[in-house]
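So you can see what is in the structure, the chains are spelled out below.
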Amino acid sequence: MPDPFKQPTEYLLAFLNRIAMLDKEGFFQRPVREEEAPNYYSIIKQPMCFADMREKIAAGLYQTWRQLRDDFNLIHENARRFNSNKTLVHRAALNLQKNGNKVLANYELE
């Protein structure tokens, strides 16, 4: 595991890769395309995905752990807001939230 103080970018990417592995179906890996989810961008004003988070890490845009955690939360909150609770995407978002928060807690403690 990279040292969060000596290698912050690598540490954040390791965290993100671990969380992204929880997305078995790949729903949250890339931005939502309007043709896949009509009206998505009229409902979701702050879209977020793992690719966007990787770009922000690479650009050094996360100044605090909370900013990164907030973007992770946006991913599953947006999915739950847009998709009915009867859908696979909604259930995958709940699973991502539950299991991702466990991973998040472990990384925060380090």
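Cut-offs used in this document
- Residues numbered from 1 in each chain as written.
- Predicted model: local features only at pLDDT ≥ 70, side-chain atom pairs only at ≥ 80, totals over all residues.
- Heavy atoms only, no water.
- Phe/Tyr/Trp six-rings, centres within 6.5 Å; stacked < 30°, edge-to-face > 60°.
- Buried < 20%, exposed > 50% of the residue type's maximum accessible area, 1.4 Å probe, protein only.
- Helix = DSSP H or I, 4+ residues; strand = E, 2+ residues; numbered from the N terminus.
- Arc of directions from axis to C-beta.
- 1 Å grid on protein atoms, 1.4 Å probe; cavity = no way out; pocket = protein on both sides within 12 Å on 5 of 7 lines; lining within 4 Å.
- Points joined across faces, edges and corners; volume = space filled by probe spheres on them.
- Nonpolar A, V, L, I, M, F, W, Y, C, P; charged D, E, K, R; others polar.

K.L.:
I tried to follow the packing of aromatic side chains on my own but got confused; where do I start?
P.N.:
Aromatic ring pairs: the centre-centre distance and the angle between the two ring planes describe each pair. Per the stated rule, a full pass over the model turns up five aromatic pairs. Look at Tyr 40 and Tyr 41: their rings are 5.1 Å apart centre to centre, the planes differ by 80°, and that puts the pair in the edge-to-face class. With relative accessibility at 5%, the residue Tyr 40 sits in the buried group. Centre to centre, the rings of Tyr 40 and Phe 82 are 5.0 Å apart; their planes meet at 70°, and the pair counts as edge-to-face. Taken together, the positions of Tyr 40 in helix α2 (residues 40–43) and Phe 82 in helix α4 (residues 65–82) put the pair 42 residues apart, joining distant regions of the chain. An aromatic cluster is defined as three or more aromatic residues linked by ring pairs; in this entry it consists of Tyr 11, Phe 15 and Trp 65.

K.L.:
Could you clarify how one ought to interpret helix α3 (residues 50–58) in this entry?
P.N.:
Side chains of residues three or four places apart in an α-helix project in the same direction, reflecting 3.6 residues per turn. Along α3, the residues classified as buried are Phe 50, Met 53 and Ile 57. Axial view of α3: buried residues confined to an arc of 55°, hence all on one face. Across α3 from its buried face, at more than 90 degrees, point the exposed residues Glu 55 and Ala 58. Of the residues one or two after α3, Gly 60 is the one with positive phi, at around 70°.

K.L.:
Got a minute to help me understand the layout of surface pockets in this structure?
P.N.:
Empty pockets left among the atoms are what a rolling probe the size of a water molecule brings to light. For the largest pocket, the calculated volume is near 330 Å³. Lining the largest pocket are 20 residues, and of these Phe 27, Val 32, Tyr 40, Asn 83 and Val 89 sit closest to its centre. Going through the elements one at a time, α2 and α4 are the ones with two or more residues in the lining of the largest pocket. In terms of residues, the lining of the largest pocket owes the most to one element, α4, which gives four residues. Along the lines of polarity and charge, the residues of the lining of the largest pocket split into 14 nonpolar, three polar and three charged.

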